[in-house]
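Each chain is listed here by its residues.
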Amino acid sequence: MNSVVLIGRLARDPELSYTPNTQTAVARFTIAVDRPRRQGEDQGADFIRVTVWGRQAETCDRYLAKGRQVAVLGRITTGSYKNREGATVYTTEVTADRVEFLGGGQGGQGASRQTFAGGMDSPSMPAAMTMDTASTQDTAFSPAQNDIAGFDDMPDSFQAAEDDIPF
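Residues numbered from 1 in each chain as written. Predicted model: local features only at pLDDT ≥ 70, side-chain atom pairs only at ≥ 80, totals over all residues. Heavy atoms only, no water.

### Brief notes about the pairing of strand β5 (residues 69-82)
In this structure, strand β1 (residues 4-10) lies alongside β5, joined through 6 bridges in antiparallel fashion. Following the sheet pairing, Gly8 is matched in β5 by Val70. The pairing of β5 with strand β6 (residues 88-102) spans 14 bridges and is antiparallel. Paired with Ser80 across the strands is Tyr90, a residue of β6. The hairpin turn running from β5 into β6, its antiparallel successor, is 5 residues long, and Gly86 in that turn takes a positive phi close to 90 degrees. (Pairing = 2+ DSSP bridges. Helix = DSSP H or I, 4+ residues; strand = E, 2+ residues; numbered from the N terminus.)

The structure is reproduced here in structure tokens:
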């Protein structure tokens, strides 16, 4: 089984290009994934290259930027090529099946998490934030805070109940 789940922040903006023959979109970016901290050691990070294909690549290019926190689900892909000196260079990257945008829009300042699939529009975001290219499963919108358009105009008399709900 070749399955990878990573959570990290973009080390730089995505680079979008299109394949020459089929004009399929491909976005490449690098995420910094924190290493577990051990006593007496400084926090380290691994910088992992991610490749995203199709409509999801265009969405990543449009909405992701350096510092944005993402979750990537995909598979490890290895390859090799000959450099200018003729030496073989081996590569390892993650080919993403799914990318979820986490946190707020500016470097993850907000605590909310948006999950969207299949091009559905959100009340607070203009386009699909998560697209699953491996399947067409249903996804749900599950905010962690009430910072979604439409909730900020609640009447002042609204009181959140702390009591247990009897059902």
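So much for the structure itself; the text now carries on.
### Description of the nonpolar core
Membership of the largest hydrophobic core comes to 20 residues, with the highest contact counts inside it found for Phe29, Ile31, Val50, Val52 and Val70. Listed by contribution, the elements that provide at least two residues to this core are β1, β3 (25-34), β4 (45-53), α1 (55-63), β5 and β6. Ranked by the residues each element gives to this core, the list is headed by β3, at 5 residues. Residue contacts for Val70: discarding those within four places in its chain leaves Leu6, Ile7, Gly8, Leu10, Ile31, Leu64, Val99, Glu100, Phe101 and Leu102. (Core = buried A, V, L, I, M, F, W, Y, C linked by side-chain atoms within 4.5 Å. Buried < 20%, exposed > 50% of the residue type's maximum accessible area, 1.4 Å probe, protein only. Contact = heavy atoms within 4.5 Å.)

### Considering the pairing of strand β2 (residues 15-18)
In terms of strand pairing, β2 meets β3 through 4 bridges, oriented antiparallel. Considered in β3, the bridge of Ser17 is made with Val26.

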